[in-house]
Amino acid sequence: MATFPTSGTIRRRTASPLLALPSGEYYASATPTRMQGADRVNPERSYASHREYETGLVSQAALPACYTAPESVDAWRHDRLLRLVEPILQCYPKSDWMTVGDGQFGADAHSLLARGHRAVATSLTDDSLAIAHGKGWISEYHAENAEALSLADDSFDFVLCKHAYHHFPRPALAFYEMLRVCRVAAVLIEPVEAAPRPLDVGRTLAKRVLRGDTQAEFEPLGNFVYRLSVREVFKMMAALSGTAIAVKEFNDCWLPRYSAAPAHGSLGAAATRLGIWAQDVLSRLRLMNFGLAAFVVFKAEPSAPMRTALHEAGFRTIPIPRNPYLTPS
Ligand SMILES: C[S@@+](CC[C@H](N)C(=O)[O-])C[C@H]1O[C@@H](n2cnc3c(N)ncnc32)[C@H](O)[C@@H]1O
């Protein structure tokens with residue numbers, strides 16, 4: 001069964017060039033310091049409810065569609081998101097990846113493995129990952145808190161975080177942790193937000209009617225929902241004197257009643273594609289914001305082939321300007 005520190009364990013590690021605490025000796029504790037708002041935020045509560053959520057998935061044997069119904073609309077929707085990494089896989093044909101927040105039986109790592117790459121699945125607990133490993137769906141896994149990874153700097157070529165960042169209680173810590181442990185880039189596939197556009201209210205209403213969503217800002221597990229924005233990622237990289245980010249905005253359409261329908265030739269498939277198409281049209285007309293985006297956050301200057309592959313796949317590359325007040329040491 002899963003083992004996970006029950007209290008905010010401070011882990012000893014090599015100080016990272018990306019983020020060092022003033023004390024120098026310890027890095028990224030799971031318990032906030034007073035400066036991080038210890039008297040106001042309680043990340044342990046978030047960790048506890050997410051641990052419970054993952055354990056619940058196991059006890060209910062709630063397997064993701066990629067394992068149980070690979071031909072379904074639900075599996076197609078998830079695979080559509082994971083296909084966003086394909087330009088990267090083309091440029092790095094034998095890359096190694098770590099997934100974070102992959103607590104739905106390591107489905108993200110499974111997808112990378114199926115595409116011929118090494119992938120270590122991690123999540124807050126290893127409950128569902130151990131089962132996925134037992135079934136041969138993933139090859140390597142361990143429990144990791146994205147906000148305090150126990151891995152050494154530069155351990156993997158890439159880190160993938162899909163649909164998980166917005167669930168972390170202090171996601172900025174996770175952002176810098178992911179960058180610390182990767183060599184080339186961190187990839188985030190996440191909900192996004194931007195200044196409201198006229199029809200955004202329509203999307204909120206549709207979610208309420210079709211899915212029963214009553215809250216947009218907070219999730220039932222108790223977290224604030226940290227949707228990313230392009231500007232926010234840009235700023236987090238500017239703080240590190242980063243080189244560039246690549247972004248592709250897109251839409252998804254989750255209609256729970258059609259999740260299990262065949263991904264091709266069914267009413268559910270048509271309704272889902274129509275929902276995506278309609279949102280895409282409205283987003284391009286600037287009447288509605290895109291709901292999701294894939295961010296490739298580069299640790300070093302992206303190569304020319306990488307830029308080309310991403311551009312051909314619909315990503316735009318945003319250079320991070322040099323800070324004129326900092327001289328190279
Ligand atoms: C919505 S699921 C996404 C699972 C998978 N990435 C996918 O796209 O299907 C979010 C996952 O993040 C995990 N999680 C939440 N907080 C975490 C944290 N601090 N560190 C690592 N994983 C966390 C949750 O337990 C859950 O398994």
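The preceding data block contains the structure.
Residues numbered from 1 in each chain as written. Predicted model: local features only at pLDDT ≥ 70, side-chain atom pairs only at ≥ 80, totals over all residues.

### A look at the nonpolar core
- Ranked by internal contacts, the top residues of the largest apolar core, which has 71 residues, are V159, V187, F295, V296 and V297.
- Ranked by residues supplied to this core, first place goes to strand β5 (residues 182-191) with seven residues.
- With residues up to four places along the chain from it excluded, the contact list for V159 reads M98, V100, M178, V181, C182 and A186. (Core = buried A, V, L, I, M, F, W, Y, C linked by C-beta atoms within 7 Å. Buried ≥ 20, exposed ≤ 12 C-beta atoms within 10 Å, placed from the backbone. Helix = DSSP H or I, 4+ residues; strand = E, 2+ residues; numbered from the N terminus. Contact = placed C-beta atoms within 7 Å.)

### Observations concerning the packing of helix α1 (residues 43-59) against helix α6 (residues 127-134)
- Axis separation between α1 and α6 bottoms out at 8 Å; the angle between their running directions is 35 degrees. Residues E54, T55, L57 and V58 of α1 form the contact with α6, whose participating residues are D127, S128 and I131. (Axes fitted to C-alpha atoms, helices over the stretch in contact; angles between N-to-C directions.)

### Structural notes on the environment of E144
- On the secondary structure map, E144 appears in the loop between β3 (140-143) and β4 (156-162).
- Along the backbone, E144 and T125 are 19 residues apart, and their C-alpha atoms lie at a distance of 7.0 Å.
- In contact with E144, not counting residues within four places along its chain, are V100, T122, L149 and S150.

### Some details on the sheet that holds strand β1 (residues 96-100)
- Across the sheet, eight strands lie side by side as β3-β2-β1-β4-β5-β7-β6-β8; this open sheet has mixed pairing. Of all the strands in the sheet, the pair left with one neighbour each is β3 and β8 (316-319). The average angle at which neighbouring strand axes cross in this sheet is 20 degrees, direction not considered.
- One ladder, built from four bridges, connects strand β6 (residues 244-250) with β8; its direction is antiparallel. Residue pairing across strands places A244 opposite P319, the latter belonging to β8.
- In the packing of helix α7 (residues 171-181) onto the sheet, the strands contacted are β1, β4, β5 and β7 (292-298), and the crossing angle to β5 comes to about 145 degrees. (Pairing = 2+ DSSP bridges.)

### Here's the deal with the site of the ligand
- Taken together, 21 residues form the shell around the ligand, and within it H50, G101, G103, A146 and H163 come nearest.
- Mapped by element, the contributors of at least two residues to the shell around the ligand are α1 and α5 (107-114).
- When residues in the shell around the ligand are grouped by element, the largest group, four residues, is from α1. (Near = placed C-beta within 6 Å.)

### Here we look at the pairing of β3
- Side chains of β3 alternate between two faces, with Y141 and A143 buried and E140 and H142 left unburied.
- In terms of strand pairing, strand β2 (residues 118-123) meets β3 through four bridges, oriented parallel. Bridge pairing links V120 to E140 in β3.

### Some words on unusual backbone geometry
- One non-glycine residue, A61, lies in the positive phi region at around 50 degrees.
- Here A61 shows up in the loop between α1 and α2 (65-68).
- Its 10 C-beta neighbours within 10 Å are what place A61 among the exposed residues.
- We note that F105 has phi near 60 degrees; this positive angle belongs to a residue other than glycine.
- Position of F105 relative to the elements: it lies in the loop between β1 and α5.

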